[in-house]
Amino acid sequence: MVLLRFKNIGKKCFPFITIVLIALFILSPQINIRFIPIGSDISFHYNRFYDLSEQIRSGNYNYFMSLYGFNTSGRIINALYGYDIAFLNGLILFFTQSWLKFQLISSFICLVIAGITMYFLMRTFDCDKRLSTVGSVIYMASSPIMYYVRALGFSGWGAAFLPCIFIQAIRSIKNKEKSINPIFLGLSMSLLVNTHILSAVLAILAIIPFYLVSFIQSDKKLNWIKQLSLSITIFTLLSLNTLAAYIDVFLSNNILQPFIPNSFMKNSTYISITEMYGNRNIGIFFGFIFLFQLIYFIRHIKYTDTLDRLMTTIGGGFLLLSTSLFPWDSIIDTFPFLSIIQFPFRFSVISYILLIPVFLKTIHSIEQHISIKQFKAISLSLMILVSFILFEANSIMVKNAQRWQDDPVAMGNNRPNLIEKDPDMIRNNLRGADLTKIFETIEKGTPDYLPIPKETSSQVIYSEMDPYEVYEQEIFNNQKNITTTVLENGSIKLTWDNKKNVTTKKQLPLIVYDHSIIELNGKLLTKSDYETSDIGSLIITPKNGKNTVILSYKPFVNMTYVIFIKIAATLLVLLYCARYSYQYFTDKKKREIL
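Cut-off values and rules
Residues numbered from 1 in each chain as written. Predicted model: local features only at pLDDT ≥ 70, side-chain atom pairs only at ≥ 80, totals over all residues. Heavy atoms only, no water. Helix = DSSP H or I, 4+ residues; strand = E, 2+ residues; numbered from the N terminus. Rg over C-alpha atoms; globule rule 2.2 N^0.38 Å. Buried < 20%, exposed > 50% of the residue type's maximum accessible area, 1.4 Å probe, protein only. Contact = heavy atoms within 4.5 Å. Areas by Shrake-Rupley, 256 points an atom, 1.4 Å probe, with all protein chains shown as cover. Lys, Arg positive; Asp, Glu negative; His and termini not counted. Charge placed at Lys NZ, Arg CZ, Asp CG, Glu CD. Salt bridge = Lys/Arg side-chain N within 4 Å of Asp/Glu carboxyl O. Axes fitted to C-alpha atoms, helices over the stretch in contact; angles between N-to-C directions. Parallel < 35°, antiparallel > 145°, perpendicular 65-115°, else oblique. Left-handed = near helix turned anticlockwise from the far one by under 90°. 1 Å grid on protein atoms, 1.4 Å probe; cavity = no way out; pocket = protein on both sides within 12 Å on 5 of 7 lines; lining within 4 Å. Points joined across faces, edges and corners; volume = space filled by probe spheres on them. Disulfide = S-S within 2.5 Å. Expected span 1.5 Å × (residues − 1). Pairing = 2+ DSSP bridges. Patch = residues over 30% accessible without salt bridge, like charges linked within 9 Å, V, L, I, M, F, W, Y side chains within 5 Å.

Quick notes on the overall build of the chain
Secondary structure assignment for the chain yields 21 helices and 10 strands. Computed over the C-alpha atoms, the radius of gyration of the chain is 26 Å, within 12% of the 25 Å expected from 2.2 N^0.38 for a compact globule of 594 residues. Referenced to the eigenvectors of the C-alpha coordinate spread, the extents of the chain come out at roughly 90 × 60 × 60 Å. With 594 residues in all, the chain has 53% of them scored as buried. In the chain, the share of contacts with a sequence separation of at least 24, taken over all contacts with a separation of at least 6, comes to 76%. Surface summary for the chain: the accessible area is close to 27500 Å², and the carbon and sulfur share equals 62%. Taking the 55 positively charged and 40 negatively charged side chains of the chain as two groups, their mean positions are separated by 11 Å.

Focus on the pattern of salt bridges
If you walk through the whole model with that rule in mind, you get 10 salt bridges. Here aspartate 424 makes a salt bridge to arginine 427, at a shortest N to O gap of 2.7 Å. Here arginine 427 and aspartate 424 lie together in helix α17 (residues 423-431), a separation of three residues that amounts to about one turn. Accessibility expressed as a relative area gives 11% for arginine 427, which makes it buried. For glutamate 440, the salt bridge identified is with lysine 437, shortest N-O distance 3.6 Å. Of the two residues, glutamate 440 and lysine 437 both sit in helix α18 (residues 437-441), three residues apart, roughly one turn of that helix. Among the residues examined, glutamate 440 registers a relative accessible area of 44% and is labelled partly exposed. When its relative accessible area of 32% is taken as the criterion, lysine 437 is described as partly exposed.

Focus on the packing of helix α4 (residues 99-124) against helix α15 (residues 348-367)
Between α4 and α15, the shortest axis-to-axis distance is 10 Å and the interhelical angle comes to 50°. One finds that α4 runs oblique with respect to α15. In terms of crossing hand, the pair formed by α4 and α15 is right-handed. The segment α4 lies against α15, with Met118, Leu121 and Met122 engaging Tyr352, Ile353, Pro357 and Leu360.

Describing empty space enclosed by the protein
Enumeration according to the criterion identifies one cavity of 30 Å³ or more in this entry. Lining of the largest cavity is provided by 16 residues; of these, Pro144, Ser155, Phe345, Arg346 and Val349 occupy positions nearest its centre. The set of elements that each furnish at least two residues to the lining of the largest cavity consists of α6 (143-151), α7 (155-174), α9 (197-217) and α15.

Digging into the state of the cysteines
For the structure on display, the rule yields zero disulfides. Cysteine cysteine 127 is unpaired, with the sulfur of cysteine 164 as its nearest cysteine sulfur at 17 Å. Take cysteine 164: it sits in no disulfide, and the sulfur closest to it among the cysteines is that of cysteine 577, at 11 Å. Taking relative accessible area as the criterion, cysteine 164 reaches 14% and is therefore assigned buried.

Brief notes about the packing of α6 against α7
Between α6 and α7, the least distance of the axes is 7 Å, while the angle of their chain directions is 140°. In terms of orientation, α6 lies oblique with respect to α7. When you trace α6 past α7, the crossing you get is left-handed. Residues Pro144, Ile145, Tyr147 and Tyr148 of α6 pack against Ser155, Gly156, Trp157, Ala159 and Ala160 of α7.

Examining helix α8 (residues 182-193)
Over its 12 residues, α8 runs 16 Å from end to end, which matches the ideal 16 Å to within 8%, given 1.5 Å per residue. Within α8, 10 of the 12 residues are buried, which leaves the element mostly enclosed by the surrounding structure. What α8 keeps buried is the set Pro182, Ile183, Phe184, Leu185, Gly186, Ser188, Met189, Ser190, Leu192 and Val193.

Focus on the sheet that holds strand β6 (residues 516-520)
Taken together, five strands build an open sheet; the order of strands is β3-β4-β10-β6-β7 and the sheet is antiparallel. The sheet is open, and its two edges are formed by β3 (483-486) and β7 (523-524), each paired on a single side. In terms of strand pairing, strand β4 (residues 492-498) meets strand β10 (residues 545-553) through seven bridges, oriented antiparallel. Bridge pairing links asparagine 498 to glycine 545 in β10.

A look at the pairing of β6
Here β6 shows a buried face lined by Ser516, Ile518 and Leu520 and an unburied face lined by Ile517 and Glu519. As defined by bridge partners, β6 adjoins β10 across five bridges and the pair is classed as antiparallel. Across the sheet, residue isoleucine 518 finds its bridge partner in β10, namely leucine 551. Sheet topology note: the β6/β7 ladder contains two bridges and is antiparallel. By the bridge assignment for β7, glutamate 519 is matched with leucine 524. Where β6 hands over to β7, the hairpin turn is made up of two residues, of which asparagine 521 adopts a positive phi near 50°.

Notes on a positive patch on the surface
Residues Lys11, Lys12, Arg123 and Lys129 make up a contiguous surface patch of positive charge. Inspection of the secondary structure puts lysine 129 in helix α5 (residues 129-140). Residue lysine 129 is classed as partly exposed on the basis of its relative accessible area of 34%.

As structure tokens, this is what we get:
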């Protein structure tokens, strides 16, 4: 009886056990060699996580300002860049106190979330457990998810949560009576906004056709609008901290956007049969999945239902947007604001999410109309395809392990930003107990979200100067003879001795925004009392002798109230989810008994 019970539990949990094992398989080279992937954005993201980890440790909190990361410059990053998931990663770092342990746990969680969300998307798409498990495994090993695992690309976290929103989009087509569940739709979108804004934008663009069709086929259009409005309200409450931060910072400042590549066409996707897949290269195996599904769809379009048509068409459309077949350079010249996209290959994440399920459903449909011998051949071919995809993902990690042993900075573009160039010292600094050593090893002045003069634009700034170099000069190389202290109220205090008794203007390694509060030698400064550089660093006129500057930040709304409302809304949603899950499994058990 006990063995039978364990067998039943194992059968029910098999998909999730598989997901965990696949995550460990992908990470096994990193576990064995104990390497840290030094991707191009490692300094940027590790500063974010370190800052929140130290805020948790010290109890000195500031929602907006960087108190410990980014050279204690006070610049605003986490409030605008997925604060919730950044806080989760900061919490992991706080408990592990090791970059290696942190990265392994963080990557493992990202992989597992990706597998689980894709599994439930497949189940919502009416795939059986076998195909749903296969789909989740394929997605875990795909480039959008592996981007975080192998190179610390944070869009990987966005990709892990993206299937959630498409679960709701699929349900809106399947369930004509109740097209929208406001709780789940609001929760799904808030997860994306609180993780990675660009992923949320792509999700909105991709689900619009689903909900247009849902609205058209609905017999209760007024109720449909009410449910959508309620879901927007729930989303607003669950994302209140992120929305408040964006309103506060972007409406009062001119914010520098991420760097604009010289050519968007050169950052589009392609298929190569000789290279391992990456951000741009879809690879031969995923290329086969996408092309097979698109060709099959075109040939059998008359026999496909509305949902299959939507998923294949949208998936194919986003795949087209990610390639050089789309004239990105000309479009960016006409509409410069679209340069925020940076890399067209980012559109392809939607293709992975939508085309993998319809591909597997197509395979299942083919299996229903063939002989047993042919069925076995197709099943074997599918197993081989999945094996190749998994081994390629593992091989990418093996390659990173080899790079770590030979030249640890060969994984990204950090070589020009190295302070420590000895490979052994780089490895020791990253794996050592002192978490700050990494910032003494790589100093990369990523200028994202810095305040720039209101009369200029990001395009002008990038054309007239190199913000990376300017940041290095004004922040990294401007710390000499200055003592920096983080105060208990979440402010930053700088002290220095003006020994030369020179009262000329002095530039300080602090970033100032419109709502920043500056106190110089006990006097509260007005905006006319100080200046800022082209990237927002503070310029003041010191007195003779000892000087003290205190920097704080006062948003338009008290963030304590904002976070309280968000937490209360989150708890209510979690209670609803628990009740919903209990009811679902209770009903399922009754159906099994009957």
